[in-house]
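Secondary and tertiary structure notes
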Amino acid sequence: MRKVLILIFGIIILQLSFSCKSQYSTVELENNFSTDQISDLNKIRDFFKNQISENKKSDFKVCFSKILPGLLENGWHPILEKVDFEKQKELYNSISKSTFDEIWEFGKATYPDTGLELKNLGSKYNGKYQKFLTEFGKNNSEVKNYADRLIEAGDFESVGWLQQSIYKNPKEFDLDDPNIQLLIAIHYLTLNDQQKRTDKWE
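The rules behind each value
- Residues numbered from 1 in each chain as written.
- Predicted model: local features only at pLDDT ≥ 70, side-chain atom pairs only at ≥ 80, totals over all residues.
- Heavy atoms only, no water.
- Salt bridge = Lys/Arg side-chain N within 4 Å of Asp/Glu carboxyl O.
- Helix = DSSP H or I, 4+ residues; strand = E, 2+ residues; numbered from the N terminus.
- Polar contact = N/O pair within 3.5 Å; in protein donor to acceptor, adjacent residues only side chain to side chain.
- Contact = heavy atoms within 4.5 Å.
- 1 Å grid on protein atoms, 1.4 Å probe; cavity = no way out; pocket = protein on both sides within 12 Å on 5 of 7 lines; lining within 4 Å.
- Points joined across faces, edges and corners; volume = space filled by probe spheres on them.
- Nonpolar A, V, L, I, M, F, W, Y, C, P; charged D, E, K, R; others polar.
- Axes fitted to C-alpha atoms, helices over the stretch in contact; angles between N-to-C directions.
- Parallel < 35°, antiparallel > 145°, perpendicular 65-115°, else oblique.
- Left-handed = near helix turned anticlockwise from the far one by under 90°.

**What about the pattern of salt bridges?**
All chains considered together, the criterion is met by nine salt bridges. Two residues, lysine 108 and glutamate 117, come together in a salt bridge whose shortest N-O distance is 3.7 Å. Here the salt bridges share partners, and the residues they tie into one network are Asp193, Arg197 and Asp199.

**Comments concerning the side chain of asparagine 192**
Among the secondary structure elements, asparagine 192 is positioned in helix 11 (residues 178-196). Engagement of the side chain of asparagine 192 in a polar contact is seen with the side chain of lysine 196, the distance being 2.9 Å. Leave out the neighbours within four places in its chain, and asparagine 192 touches Ile79, Leu80, Val83, Phe85 and Gln88.

**Notes on empty space enclosed by the protein**
Across all of its chains, the model carries one cavity of 30 Å³ or more by this definition. Reported here for the largest cavity is a volume of approximately 30 Å³. Contributing to the lining of the largest cavity are Leu29, Leu41, Asn42, Arg45, Pro178 and Leu182. Counting only elements with at least two residues in the lining of the largest cavity, the list comes to helix 3 (35-52) and helix 11. At three residues, the largest contribution of residues to the lining of the largest cavity is made by helix 3. Broken down by class, the residue content of the lining of the largest cavity amounts to four nonpolar, one polar and one charged.

**A short note on the packing of helix 10 (residues 161-168) against helix 11**
At a minimum axis distance of 11 Å, the contact between helix 10 and helix 11 shows a crossing angle of 155°. Relative to helix 11, helix 10 is oriented roughly antiparallel. The handedness of the crossing between helix 10 and helix 11 is left-handed. Residues Leu162, Gln163 and Ile166 of helix 10 lie in contact with helix 11, whose contacting residues are Leu183, Ile184, His187 and Tyr188.

**Concerning the layout of surface pockets**
Estimated volume of the largest pocket: approximately 160 Å³. Around the largest pocket sit Gln23, Tyr24, Ser25, Glu28, Phe136, Asn139, Asn140, Lys171, Glu172, Asp174, Asp177 and Asn179, which together line it. Looking at side-chain class alone, the lining of the largest pocket contains two nonpolar, five polar and five charged residues.

Read these as geometric descriptors, not functional statements.
This is the structure in structure tokens:
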């Protein structure tokens, strides 16, 4: 009888553990990316978390919540201060080209005053990342709004809409959700790249 009770108790614990891990759906990621690509996306998310974190052991929600007031007050400038662009370029080299190309593509940024033409990182039109956001947005109105803006503009907006939305809609932008974490990481890493990249357009 005691062995039976221990067995039942063990099964209950496993079920509880499994349900906690399964709280957030990965269906949208799995529908749009391969297993290897999802592993790359996790690297991107973890890199961003570690760059903005004062304590590497803290989880994403704790780390991002600490810099959110600065983002609200100063735009994305706290990201520029915290994210090391040289390390970000190393991150790009650590993921597959296929993953990179499903998220981003390079365009040309022209500066009329100087005639300077630089490479500018933008959103890959109709890439897997945009498709992931569109599918994710079917069950989240704020993500749908974000995805629509991204696709229509063809670029990641830098006027502060995202941080305002995260602050005003914490339920839709649940910082414990790995999908939301990925959206945030890719958004702010892109802005960091756009501000710091000095490669000439060829």
